[in-house]
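# Chains, contacts and geometry: an overview
As a plain string of letters, each chain reads:
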Amino acid sequence: MKPEEPQQPQQPSSRRDFIKKTAVGLAAFTIVPRYVLGGQGFIAPSDKLTKAVIGVGGMGRNHFPYDGTQVVAICDVDKRHIAKSLPMLDKGVKTFSDYRELIKLPEVDIVHIATPPHWHGIMAVDAANAGKDIWCEKPMTHTIGEGKRVMEAVKQNGRIFRLNTWFRFKDNFYGLGTTVKPVKKLVDSGLLGWPLKVTVSRHTGYDWKFFWVGKDNLPPEPVPAELDYDAWLGPAPYKPYSAHRVHQTFRGYWDYDGGGLSDMGQHYLDPIQYFLGKDDTNPISVEIDAPQQHTDAVGIWRRITYTYADGCQIILDGEAKDANVPYIEGPKGKLYPGFKSDIPDLERKLAAFPDPAPQMTDFSEAVRTRQQFALNEQNGHRSCNIINIGLAALRLGRNLKFDPVKQEFVDDEGANRLINPVMRAPFII
């Protein structure tokens, strides 16, 4: 048996070596992920949050810079998007073509989902299950069932979720010429009476972007070498590739989005849910006036009317025939664009009422303190439901009734099949 070789005595480290090694170690952790700092959910106030972005073809790149965060990883199924992104980012950013690998990174705090909507639900659930906080582009989900699953996953995993539309808490709200705060104050005051009717049209300051329409009978085209088209489709049904299906024009196809209503709906409708006090409910019916829609390509519509149980209504006016329509109309008064009203001396009367309750509007602070963000998975799901209720009626070509408690359509099996449509294998949610 060979005798063990004698161990060489260790040389004591010099002070200079110690300082050098320590400096290298500290440099490697300039941005410290939460898992290093005492367990899940803990982030020191002085540390930047780390962020990974899924989908960097346009909107994702726009959100690289955000105060208090640093991008450490990106993912896209198109190699061109990755190539355009890298010059905008620090060296060492990790790149992926499969988001499932990205969300495994222990150094990532926040996952920002900037893909077409048919991916939002699956990615948000997977990110929550991986212990990540989530920033998701609008619309929140492509179906009602996906929204319910996102809510469940966020709650089960103790995550913080932000939906990326902000008009309920900052910036002038399109044609109103003011933030939503005084509108909420006015509605809460009762000066307009109840129930209220809100009309969303070009004349009240809102463009429904009817250029987001699809093309029927698209001829098949060769798939570009840099695009993984099968991965882009993901849970959506397989359709032959056409450039008009993907990237900037995907909104015109039911499989991935829902035209201008889906594109702008959450921007326009989420603040209405908020100032009407409907964050925990939905309309009970939707009536449509629209041409019959193509089974694949999204078309235009003329008018969509939502009615709540208490008689409040939201009118989506696509034709914009009435140039003098008020934005909000109640039995006691009207509110027009520019915050003009037929109520005499409105500002003085409104000053006597309390302001709306404050909201958590700093996402970085919400993540650090584990406080629910102002627009989150719960109220975001409810305002997204309005969009998906309307899209279901358009696709089916008929008016629908909806149960906001069960979150399903009443006595309409065809409509209910759109709540949880079958996904292409192997995807489930």
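Residue positions are counted from 1 within each chain, in the order its sequence is given. Totals for whole chains, interfaces and linings use every residue, but because this is a predicted model, local features are given only for residues with pLDDT of at least 70 and side-chain atom pairs only at 80 or more, for both listing and counting. The side-chain figures draw on all heavy atoms in the structure; neither hydrogens nor water molecules are used.

The protein goes by Tat (Twin-arginine translocation) pathway signal sequence in an unreviewed UniProt entry, where it is assigned to Pedobacter nyackensis.

Now for the packing of helix α7 (residues 180–189) against helix α9 (residues 259–275). It is the contact of α7 with α9, at a shortest axis distance of 9 Å, that shows an interaxial angle of 35°. As α7 runs across α9, the sense of the crossing is right-handed. Residue-level inspection shows V180, V183, K184, V187 and D188 of α7 in contact with α9, the latter providing P271, Y274 and F275. In this count, Pro and Cys sit with the nonpolar residues alongside Ala, Val, Leu, Ile, Met, Phe, Trp and Tyr, while Asp, Glu, Lys and Arg are called charged and the others, Gly among them, polar. In the contact of α7 with α9, the residues fall into six nonpolar, no polar and two charged. Here an angle of 0 to 180 degrees is reported between the N-to-C directions of two axes, which are lines fitted to C-alpha atoms, with helices fitted over the stretch in contact. The way it works is that DSSP assigns letters per residue, a run of H or I at least four long becomes a helix, a run of E at least two long becomes a strand, and they are numbered from the N terminus. The hand of a helix crossing depends on one turn: near helix anticlockwise from the far one by less than a right angle means left-handed, and clockwise means right-handed. Should any heavy atoms of two residues lie within 4.5 Å, those residues are counted as being in contact.

Attention shifts here to the sheet that holds strand β3 (residues 94–96). The sheet built from six strands is open, its strands ordered β3-β2-β1-β4-β5-β6 with parallel pairing. For this open sheet the edge positions go to β3 and β6 (161–163), each flanked by a neighbour on one side alone. In this sheet, neighbouring strand axes are inclined to one another by 25° on average, regardless of whether the strands run parallel or antiparallel. Note on pairing: two strands pair once DSSP finds at least 2 bridges between them.

Before going further, it helps to spend a moment on the confidence of the model for the protein. Values of pLDDT, which run from 0 to 100, indicate the predictor's confidence residue by residue. When pLDDT is averaged along the protein, the result is 91; 89% of the residues meet or exceed 70. Segment residues 1–33: pLDDT under 50, and eleven contacts once partners within four positions in sequence are set aside and those in other chains are kept. Across residues 35–41 the pLDDT falls below 50, and counting only partners more than four positions away or on other chains, this stretch makes 13 contacts in the model.

So, on to the pairing of strand β10 (residues 313–317). Along any regular strand the residues' side chains alternate between the sheet's two faces. When you tally the buried positions in β10, you get four out of five residues, the bulk of the element. In this structure, strand β7 (residues 197–201) lies alongside β10, joined through five bridges in parallel fashion. Across the sheet, the residue bridging to V200 is L316, located in β10. Pairing between strand β9 (residues 303–307) and β10: five bridges, direction antiparallel. Following the sheet pairing, T305 is matched in β10 by I315. Each residue is assigned to one of three classes by its accessible area relative to the maximum for its type, calculated with a 1.4 Å probe on protein chains only: buried under 20%, partly exposed between the two thresholds, exposed over 50%.

Residue count minus one, scaled by 1.5 Å, sets the expected span of a helix. Spanning 17 residues, α9 covers 25 Å between terminal C-alpha atoms, matching the ideal 24 Å at 1.5 Å per step. Of all the bends found along α9, the most pronounced is centred on G265 and spans about 55°. With 17 of 17 residues buried, α9 is to be regarded as a mostly interior element. One fitted axis covers the seven residues ending at a residue, a second covers the seven starting there, and the bend at that residue is the angle between these axes.

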